[in-house]
Amino acid sequence: MSIVANFLERQSVEELEQIVDKLVQANTVFLTAVRSSYAVGYYLRYVGRMALPTLQLFPRHQNSALGDLNDAKEGNVLIAITVTRYSRETVEV
């Protein structure tokens, strides 16, 4: 909770509105989280799909995260959740 609160304290209302607009207008919102951050991504997808039905979590079924992005195109948004130890892997995807 403190991480989320800290993030929100540093954002202006205008920035948050821009983020929401991008998410709502996106054809598909991809969400990636690997290793120790996967549980957070899984929960965010579970809760987020109630408001954002275009939200998709990957990698699915232990596939390659890169392979799951084959369908990505202009008009899509990617949310990446990572922790320091695995940041490089997530950014490379």
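Scroll up to find the structure this text is about.
Rules behind the numbers
Per-chain numbering applies: the sequence of each chain, read as written, is numbered from 1 onward. With the structure being a predicted model, the display of local features is reserved for residues of pLDDT at least 70 and the display and counting of side-chain atom pairs for 80 or more, all residues being used for whole-chain, interface and lining totals. Heavy atoms throughout the structure, all of them, feed into the side-chain values; hydrogens and water do not. Secondary structure counts use DSSP, requiring at least four H or I residues in a row for a helix and at least two E residues in a row for a strand, with both numbered from the N terminus. In what follows, a contact means two residues having at least one pair of non-hydrogen atoms within 4.5 Å. Think of a nonpolar core as a cluster: buried Ala, Val, Leu, Ile, Met, Phe, Trp, Tyr and Cys residues, connected wherever their side-chain atoms sit within 4.5 Å. Relative accessibility under 20% of the residue-type maximum defines a buried residue, over 50% an exposed one, and the middle range a partly exposed one, all with a 1.4 Å probe and only protein chains included. Paired strands, in this sense, are two strands between which DSSP finds at least two bridges. Here an axis means a line fitted to C-alpha atoms, over the contact stretch when the element is a helix, while the angle between two N-to-C directions is reported on a 0 to 180 degree scale.

Within the fold, Thr28 resides in the loop between helix 2 (13-25) and strand 1 (29-33). Excluding residues within four positions of it along the chain, Thr28 makes contact with Thr54, Gln56, Gly75, Asn76 and Val77.

Another point: the nonpolar core. Among the nonpolar cores identified, the biggest contains 9 residues, and these are Leu23, Ala26, Val29, Leu31, Ala33, Leu52, Leu55, Leu57 and Ile81. Of all the elements in the fold, those that place two or more residues in this core are strand 1 and strand 2 (55-58). A total of 3 residues in this core trace back to one element, the largest contributor, which is strand 1. Residue contacts for Leu23: discarding those within four places in its chain leaves Val29, Leu52, Val77 and Ile79.

The strand order across the open sheet built from 3 strands is 2-1-3, with neighbouring strands paired in parallel fashion. Each end of this open sheet is capped by a strand with a single partner; those strands are strand 2 and strand 3 (77-81). Direction aside, the axes of adjacent strands within the sheet are offset by 25° on average. With 5 bridges connecting them, strand 1 and strand 3 associate as parallel partners. Bridging from a neighbouring strand, Val29 pairs with Val77 of strand 3.

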